[in-house]
Amino acid sequence: MRRAIHRLWTILPIRSRTVFRQLLKHIWLAVAAFLFVLIVHFSTDYGAGDKQIAARQGGKESSRVNKFLGSSYGKVGMATLVHLDMKGAPPKMAYLREFLPFAKRLGATGLLIEYEDTFPYDGRLSALRSETFSYSPEEVREIVALARSLDLSVIPLVQTYGHMEFVLKHKDFQGAREEPQSDWSVCPLRAESLQLVKDIIDQMMNLHPHSKYLHIGADEVNNMGRCTECRKFVADHSKGELYRRHLLYVMEHVAQRWPGVRSLFWDDMIRSWDELRLKTLAKFGDPMVWGYIDHVERLITPALLTKFSSAFPHVWLAS
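Criteria and cut-off values
Residues numbered from 1 in each chain as written. Predicted model: local features only at pLDDT ≥ 70, side-chain atom pairs only at ≥ 80, totals over all residues. Heavy atoms only, no water. Core = buried A, V, L, I, M, F, W, Y, C linked by side-chain atoms within 4.5 Å. Buried < 20%, exposed > 50% of the residue type's maximum accessible area, 1.4 Å probe, protein only. Helix = DSSP H or I, 4+ residues; strand = E, 2+ residues; numbered from the N terminus. Contact = heavy atoms within 4.5 Å. Axes fitted to C-alpha atoms, helices over the stretch in contact; angles between N-to-C directions. Parallel < 35°, antiparallel > 145°, perpendicular 65-115°, else oblique. Left-handed = near helix turned anticlockwise from the far one by under 90°. Nonpolar A, V, L, I, M, F, W, Y, C, P; charged D, E, K, R; others polar. Salt bridge = Lys/Arg side-chain N within 4 Å of Asp/Glu carboxyl O. Pairing = 2+ DSSP bridges. Right-handed = clockwise from strand over helix to strand, strands pointing away. Disulfide = S-S within 2.5 Å. Expected span 1.5 Å × (residues − 1).

**Quick word on the nonpolar core**
Moving on, step 1. If you look at the biggest cluster of nonpolar residues, it comprises 76 residues, and the most contacted ones within it are Y243 and F312.
Moving on, step 2. Residue contributions to this core peak at seven residues, all from helix α9 (residues 239–257).
Moving on, step 3. Excluding residues that lie within four positions of it along the chain, Y243 makes contacts with Y161, A218, V221, M224, W266, M269, I270 and W273.
Moving on, step 4. Residues A79, L157, Y213 and L264 belong to the second largest nonpolar core, which totals twelve residues.

**Let's talk about the environment of T306**
Moving on, step 1. Structurally, the position occupied by T306 is in helix α11 (residues 302–311).
Moving on, step 2. In sequence terms T306 and E275 are 31 residues apart; their C-alpha atoms lie 9.9 Å from each other.

**Focus on the packing of helix α7 (residues 191–206) against α9**
Moving on, step 1. Interhelical geometry of α7 versus α9 gives an angle of 40° and a closest axis separation of 11 Å. One finds that α7 runs oblique with respect to α9. Seen along the crossing, α7 lies across α9 with a hand that is right-handed. Contacts from L194, V197, K198, I201, D202 and N206 in α7 reach H246, Y249, V250, H253, V254 and R257 in α9.
Moving on, step 2. Taken together, the residues of the contact of α7 with α9 break down into six nonpolar, three polar and three charged.

**Observations concerning the pattern of salt bridges**
Moving on, step 1. Under the definition given, this model contains 13 salt bridges.
Moving on, step 2. Among the salt bridges present, the one from K87 reaches E114, with a minimum N-O distance of 3.3 Å. Here K87, found in the loop between β3 (81–85) and α4 (93–105), pairs with E114, found in strand β4 (residues 110–114); they are 27 residues apart in sequence, far enough to count as distant.
Moving on, step 3. Overall, the relative accessible area of 28% leaves K87 in the partly exposed class.
Moving on, step 4. E114 sits in the buried class, given a relative accessible area of 7%.
Moving on, step 5. Connected through salt bridges with shared partners, the residues D85, K87 and E114 form a single ionic network.

**Describing the pairing of strand β11 (residues 314–318)**
Moving on, step 1. Taken across its five residues, β11 has four buried, putting it largely inside the fold.
Moving on, step 2. Two strands pair when backbone bridges link them, and strand β10 (residues 285–290) and β11 are joined in this way by three bridges, in the parallel orientation. Among the inter-strand pairings, W290 is bridged to a residue of β11, identified as A318.
Moving on, step 3. With α11 bridging β10 and its parallel neighbour β11, the resulting β-α-β unit is right-handed.

**Topic: the pairing of β3**
Moving on, step 1. Among the five residues of β3, four are classified as buried, and the element is accordingly described as predominantly covered.
Moving on, step 2. Where β3 and β4 come together, five bridges link them in parallel fashion. Bridging from a neighbouring strand, D85 pairs with E114 of β4.
Moving on, step 3. With respect to chirality, the unit in which β3 leads through α4 into the neighbouring parallel β4 is right-handed.

**What about the state of the cysteines?**
Moving on, step 1. The full count for this structure, using the stated rule, is zero disulfides.
Moving on, step 2. Not part of a disulfide, C187 finds its nearest cysteine sulfur in C227, a span of 3.6 Å.
Moving on, step 3. Looking at C187, the relative accessible area reads 0%, which means it is buried.
Moving on, step 4. In this structure C230 is a free cysteine whose sulfur lies 3.5 Å from that of C227, the closest cysteine sulfur available.

**Quick look at α4**
Moving on, step 1. Spanning 13 residues, α4 covers 19 Å between terminal C-alpha atoms, matching the ideal 18 Å at 1.5 Å per step.
Moving on, step 2. Where α4 ends, the next residue or the one after it, G107, has phi of about 110°, a positive value.

Pasting the structure below:
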């Protein structure tokens, strides 16, 4: 593909290259549309005799999801979010000014924005900003304002347990690591870690004051329970309890510091939990079920969704 474009570019007359450049731009916009992460929102009705998934009528996607789930799940209420993963190759503002209206025209109802090191952290967190590119506070406000003008909800995503490399690689924050040699996750039992996570959340929410949800990540914490403090805790309790304790701490902070904001979190670490333990999280947050594989039904089974819908008032799906 790249070679073909290069060959075409070399034989085009100079005057045609501007047109070709514009054509490529629209092609990439169309390709980006197919790379959406569509996040499906379920609402369970606890007042009903059978657990039904309440409906806000969707279109084709609702029909497809309902077909996958089967009639026993009732109707699916769709909130179609575009996951904007800004790290690595953050889009320029000029692109976002075109892309957000384009996403809206295609049926998006909101954005899940994962800034990582492109967010304009300040104060003691200023080291987290990428040395090559980060958005300014004014640009973040512009993104949020543009989304609101298009009636697109905005859900910021921050990492609060694993996937913390962009934070823990810095010398000033290495004391929060679960393992000295790994920048993957924080130790959830250290005061330094907890304050760091709270500071990250608060700076993010300060620039997203209208958001009703905050995604706190918390997936793939593969090295959980390895430091001295955590090993002792796991011996006395369990890894599941260590994870639950940290998730509750983070979600309670969000609820107390930012009233009206509900937490979302990736589901992979809690799939094996029983319904009783799952319900201890339901006061403050909802799971977002993910599985980026072929034949997703092998991972995200009706039994799993039934369990989650019995434990939580809302369940989200990402694909």
